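Commentary on secondary and tertiary structure
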Amino acid sequence: MQNVTPMLARKDDRDREPSWSFPGGVVGFASYWFALAIPFVLYGANTLFFFLYTWPLFLALLPVSVLIGIGTSVVLRSHLLLTLVVTLAMVICLFWLLFSFLSGW
C-alpha cells in the first residue's frame, strides 16, 4: 500500500500564492523618506538643527520602517495599495512619536 500524504501536501502548495517581501521593503523605504520630509515641510530649514543632535535616533527608524513594510506586505498578501497606505500611516506615526518625544524635552 502506498502513502498518498505527500501528494496531497504538494497539491496544497501549488494552490497557494506566494507572498513577496521585496515590494513591502520598497514601500517601507519610501515611507521612511516621506516621513522624514514631513518635519522639513512643517518647520522649514530649522529642522536641520534639531536633526543635528538626534539623527541616530531617526536613522534607527530606517530598518524598522523596512521591516514594517515587509511585515505589512506579508500579512496583507501583497495587496500593494493597502500595503502602501498602512505602512505609510505606521511609519508616519513612528516618526511623529519620536519627534514629539524629543522636541518635548
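These remarks concern the structure in this document. (Residues numbered from 1 in each chain as written. Predicted model: local features only at pLDDT ≥ 70, side-chain atom pairs only at ≥ 80, totals over all residues. Heavy atoms only, no water.)

A separate point is the overall build of the protein. When helices and strands are tallied, the protein shows five helices and zero strands. Shown N-terminal to C-terminal, the secondary structure of the protein runs as helices and strands in the order α-α-α-α-α. In the protein, which comprises 105 residues, the share counted as buried stands at 25%. A separation threshold of at least 6 residues defines the contact pool for the protein, and within that pool the share at least 24 residues apart is 74%. Accessible area of the protein: about 7,800 Å², with a carbon and sulfur share of 75%. (Helix = DSSP H or I, 4+ residues; strand = E, 2+ residues; numbered from the N terminus. Buried < 20%, exposed > 50% of the residue type's maximum accessible area, 1.4 Å probe, protein only. Contact = heavy atoms within 4.5 Å. Areas by Shrake-Rupley, 256 points an atom, 1.4 Å probe, with all protein chains shown as cover.)

On to helix α4 (residues 61–75), then. In a regular helix each residue adds 1.5 Å, so 15 residues correspond to 21 Å; α4 covers 21 Å between its end C-alpha atoms and thus fits that length. When we look at burial in α4, the residues that qualify are Leu61, Ser65, Ile68, Gly69, Thr72 and Ser73. Looking down the long axis of α4, one finds its buried residues gathered within 130° of arc, a one-sided arrangement. Set apart from the buried face of α4 by more than 90 degrees, the exposed residues are Leu67 and Val75. Following α4 by one or two positions, arginine 77 adopts a phi angle in the positive range, close to 55°. (Expected span 1.5 Å × (residues − 1). Arc of directions from axis to C-beta.)

These figures come from the coordinates and say nothing about function on their own.
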